[in-house]
Amino acid sequence: MAILEGKKAIIIGDRDGVPGPAIAECVKTAGAEIVFSSTECFV
Amino acid sequence: MNSVIKGASYVLVHTPDMVYYNGTTQTTEMIVNPESEYLKEVKSNLRSYEDAVKYWPNQTYIGNVHPEELAGVEFPWYDKKKEDADRYGKYGEIMPEEEFLFLVQACDQFEVVRLDKDFVAEYKDKFAADPIIGEDIVAMIHEGVELSEIEHFVNEEHAEGLYFNDKLVGCVKRAHDIDVNLSAHVMHENLMSKASSVLALLYAVRNAGIDKAEVEYVIDCAEEACGDMNQRGGGNFAKAAAEIAGLVNATGSDARGFCAAPTHAVIEAAALVKSGAYKTVVVTSGGCTAKLGMNGKDHVKKGLPILEDCLGGFAVVISENDGVSPEIDLNVLGRHTVGTGSAPQNVIGSLVADPLDRVGMKITDIDKFSPEMQNPDITKPAGAGDVPLANYKMIGALAVKRGELDRKELANFTTEKGLTGWAPTQGHIPSGVPYIGPACEDIKEGKIKNAMIIGKGSLFLGRMTNLFDGVSFLIHGNTAAEEEAAAGVSEEEVKGLIAKAMKDFAATLMAE
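Since the structure is predicted, the reported quantities are computational estimates derived from the model, not experimental observations. (Residues numbered from 1 in each chain as written. Chains lettered and ligands numbered in written order. Predicted model: local features only at pLDDT ≥ 70, side-chain atom pairs only at ≥ 80, totals over all residues.)

Peer 1: Give a detailed account of the domain arrangement of chain B, specifying residues and quantitative values.
Peer 2: Residues and elements named next belong to chain B. Structurally, chain B comprises domain 1 (4-319) and domain 2 (327-486). Of all the secondary-structure elements, those providing two or more residues to the side of domain 1 that touches domain 2 are strand S1 (4-14), helix H5 (56-61), helix H6 (67-71), helix H13 (261-275), helix H14 (296-301) and strand S9 (310-319). Looking at the side of domain 1 that touches domain 2 element by element, the count peaks at 9 residues for H13. Class assignment of the residues belonging to the side of domain 1 that touches domain 2 gives a composition of 34 nonpolar, 11 polar and 6 charged. (Domains from an automatic or database assignment. Helix = DSSP H or I, 4+ residues; strand = E, 2+ residues; numbered from the N terminus. Nonpolar A, V, L, I, M, F, W, Y, C, P; charged D, E, K, R; others polar.)

Peer 1: Quick one: what's the story with the nonpolar core, residue by residue and with numbers?
Peer 2: One finds B:Leu201, B:Ala204 and B:Val316 to be the most contacted residues of the largest nonpolar core, which totals 153 residues. Taken domain by domain, this core gets at least three of its residues from each of domain 1 (4-319) and domain 2 (327-486) of chain B. (Core = buried A, V, L, I, M, F, W, Y, C linked by C-beta atoms within 7 Å. Buried ≥ 20, exposed ≤ 12 C-beta atoms within 10 Å, placed from the backbone.)

Peer 1: So what about unusual backbone geometry? Which residues, and what values?
Peer 2: All names here are of chain B. Pro-76 follows Phe-75 through a cis peptide bond whose omega is 0 degrees. Within the secondary structure, Pro-76 is located in the loop between H6 and strand S2 (94-95). Cis geometry marks the peptide bond from Gly-235 to Asn-236; its omega dihedral reads 15 degrees. Take Asn-236: it is sitting in the loop between strand S6 (217-220) and helix H12 (237-245). Positive phi, normally seen in glycine, also occurs at Asn-165, with a value near 55 degrees. Secondary-structure assignment places Asn-165 in the loop between strand S4 (160-164) and strand S5 (167-172). By the C-beta count within 10 Å, which is 9 here, Asn-165 ends up exposed. Phi at Phe-258 is positive, roughly 50 degrees, even though this residue is not glycine. Note on placement: Phe-258 falls in the loop between strand S7 (251-254) and H13. For Phe-258, a count of 22 C-beta atoms within 10 Å gives the class buried.

Peer 1: Go over helix H10 (residues 147-156) of chain B, please, and point to the residues and values.
Peer 2: All names here are of chain B. Those residues of H10 that fall on the buried side of the exposure criterion are Ile-150, Phe-153 and Val-154. Buried residues along H10 cover an arc of 95 degrees about the axis, so they all sit on one side. Away from its buried face, by an angle of more than 90 degrees, H10 presents the exposed residues Ser-148, Asn-155 and Glu-156. Check the buried side of H10 and you find it contacts strand S3 (113-115), S4 and S5. Looking one or two residues beyond H10, the residue adopting positive phi is His-158, at roughly 65 degrees. (Arc of directions from axis to C-beta. Contact = placed C-beta atoms within 7 Å.)

This is the structure:
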């Protein structure tokens, strides 16, 4: 996950898949800065 | 004793003109890109009524095709026609747009709906010929007005046009000069929701085999809001629709929770009946004009007809235990709580595994799961994938994680415990509830013993919280006889014993 170290991340999660906050938790531990995180409903 | 599901209805209304004039994908495009190629192509990509009736998922929704039969039809479905399709099904019907506009007028209590007199003359009898439409509703239709009057309201008074075959045939006027909550746009949206809910109520009462007067409470679970500038979501769609449907003994209220609302509402209804507060409660909802053609851009881009051309509606009748009908088990309720979190395993755990754990059941003990039942013919070309399948994979994965299912069985799990989606993408309409009708039949026929209904809602869309929501409940076969047997002697038997003792005593006295 070193590829995310020091990077800025824009996260769009899926309500019926993996929601934004869950992705954000993972991305944070990989060292990225989250500049935007949202969960969307695609149906 | 648990309350039971006495009957369910599922209705569609084919509204191709509303796709263009009222669906938000199209109306947004009219604002931001009025000369777009997409807008030019919308009308030529709309389906005829006949094609909408012959569409396999629509026939499944109204009950002419079992979901398992649909799963056997080669995918995709948009280019295949069910040849012996019927407008009417055991759960409801697919009402054409020209007839629906009359039902909308019947639902209008404030004279905001105007219909062209030539249109009324041509189609009123066709509407009246629908067997579910009673004389009481036909009597609510007004005489038509001159087209010039309608044109005046649309061009000069901010009215929303009502169209049929792309021709102006009526309008919905604003109900207030400055209150945006009573604008023509809002009135149009709310009247369409109310009218499709009325249609669902009429079929639900018929399908349950009850008298209209037996309904004591109605819960509306749509996603619209009616009110005015001082109480924007005041309500109450439920009682408003019950009035038109002739449910004279009913009061009611609205339950809201985005797409999760139907499942919340069914749980509330089951609890109201089980508590003894009301004997018969109906959960109902009409459809949503805003979502018409929601994925239209992707459909047109890929050469598909615009498949989101129908309003959906449904209703479920819940009543006291009759000893026969399938039960809603309030001991098995899943809920995504504030503290659950958003990790997929937590979400599915809270909705599926936790409620089963509480009663000592396993995920594999459930015969069918009904989560989001969106029709993949609509969602896959739009890039949203197969939503029911995604849910089944997560439920199956959790079963594997819990050691209840062998990893090799995961693929079988999605077909054995799952269903192929068939419901229109009308938000709350596909959320869990489309399978209630077929589930009750499957349980009564012994094909399955239980089914879990799961509703999820995107609360974050309202910008009041980042959370989403979900609840679930279990339907199983009727256990009244078992409960009575377990209780020892039934009430009827006690009455019989007392009557016999009294008779014997009387006989003794006579003899003396």
